[in-house]
Amino acid sequence: MSLVQTASKLLTKFGEPVDFTYKAGGAYDPTTGGTTGGSVVTVSGYGYPSGYRKADISGTAIQSGDVRLVAEKVSDRPLPDWNCLVDGKIYRVISVQPIRKTGADIIYICQLRK
């Protein structure tokens with residue numbers, strides 16, 4: 001069994017379902033600074049949410065209330081500014097650290113914020 005399969009099996013057993021969503025396609029609108037059109041894409045998987053240690057909370061990079069999510073490898077690597085549904089709450093992805101071995105993603109450590 002590969003590391004990706006082992007991590008996925010453990011997160012499925014001990015974690016909970018998570019949904020990442022992002023907007024794909026569309027055109028940049030210089031008037032509003034956003035995008036128009038496009039569609040919302042959902043990437044589902046399993047993850048283990050937890051808080052940050054008090055010593056890790058700087059108040060700037062990591063804020064009180066941020067969630068540390070260990071997520072299984074999903075079809076698309078999560079990116080900052082995606083949304084993530086965890087425990088029935090929607091969070092914004094602040095940063096993503098892929099944990100890799102020999103150039104292949106195994107899991108993702110995501111920082112989430114309300």
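Residues numbered from 1 in each chain as written. Predicted model: local features only at pLDDT ≥ 70, side-chain atom pairs only at ≥ 80, totals over all residues. Heavy atoms only, no water.

Caption draft 1: Seen up close, the overall build of the protein chain. When helices and strands are tallied, the protein chain shows 1 helix and 8 strands. Ordered by position from N to C terminus, the α and β elements of the protein chain give α-β-β-β-β-β-β-β-β. The C-alpha extent of the protein chain, read off along each of the three principal axes, is 50 × 35 × 30 Å. In the protein chain, 52% of the contacts between residues at least 6 apart in sequence involve partners at least 24 apart. A total of about 7,000 Å² of accessible surface is found on the protein chain, and carbon and sulfur atoms cover 54% of it. Each charge class in the protein chain was averaged separately, 14 positive and 10 negative side chains, and the resulting centres sit 7 Å apart. (Helix = DSSP H or I, 4+ residues; strand = E, 2+ residues; numbered from the N terminus. Contact = heavy atoms within 4.5 Å. Areas by Shrake-Rupley, 256 points an atom, 1.4 Å probe, with all protein chains shown as cover. Lys, Arg positive; Asp, Glu negative; His and termini not counted. Charge placed at Lys NZ, Arg CZ, Asp CG, Glu CD.)

Caption draft 2: Quick peek at the nonpolar core. One finds Phe20, Leu69, Cys84 and Leu112 to be the most contacted residues of the largest nonpolar core, which totals 16 residues. Mapped by element, the contributors of at least two residues to this core are strand E1 (16-24), strand E5 (67-72), strand E6 (83-86), strand E7 (89-101) and strand E8 (104-113). The residues contacting Phe20, other than those within four sequence positions of it, are Val41, Thr42, Val43, Leu69, Ala71, Pro78, Trp82, Asn83, Cys84, Val93 and Cys110. Counting 6 residues, the second largest nonpolar core, distinct from the first, contains Ala7, Leu11, Val70 and Ile109. (Core = buried A, V, L, I, M, F, W, Y, C linked by side-chain atoms within 4.5 Å. Buried < 20%, exposed > 50% of the residue type's maximum accessible area, 1.4 Å probe, protein only.)

Caption draft 3: Quick look at unusual backbone geometry. We note that Asp81 has phi near 80°; this positive angle belongs to a residue other than glycine. Under the relative-accessibility criterion, Asp81 is labelled exposed at 57%. If you check the backbone angles, Asp87 has positive phi at about 55° while not being a glycine. Considering the arrangement of structural elements, one finds Asp87 in the loop between E6 and E7. According to the relative accessible area criterion, Asp87 is exposed, its value standing at 53%.

Caption draft 4: Representation of the pairing of E1 in the model. Sheet topology places E1 next to strand E4 (residues 39-51); 9 bridges connect them, and they run antiparallel. Counterpart to Val18 in the pairing with E4 is Gly45. (Pairing = 2+ DSSP bridges.)

Caption draft 5: Region of the structure containing the packing of aromatic side chains. One pass over the full model with this rule turns up 2 aromatic pairs. Consider the rings of Tyr22 and Trp82, whose centres lie 4.1 Å apart with planes at 10°: the pair is stacked. Residue Tyr22 is located in strand E1, and its partner Trp82 is located in the loop between E5 and E6; the two are separated by 60 residues in the primary sequence. You'll find Tyr22 and Trp82 in the same group, each marked buried. (Phe/Tyr/Trp six-rings, centres within 6.5 Å; stacked < 30°, edge-to-face > 60°.)

Caption draft 6: Quick peek at the pattern of salt bridges. Enumeration according to the criterion identifies 5 salt bridges in this entry. When the shortest N-O distance is used, the salt bridge between Asp66 and Arg113 registers 2.9 Å. Of this pair, Asp66 sits in the loop between E4 and E5 while Arg113 sits in strand E8, placing them 47 residues apart in sequence. The buried category is assigned to Asp66, whose relative accessible area is 5%. (Salt bridge = Lys/Arg side-chain N within 4 Å of Asp/Glu carboxyl O.)

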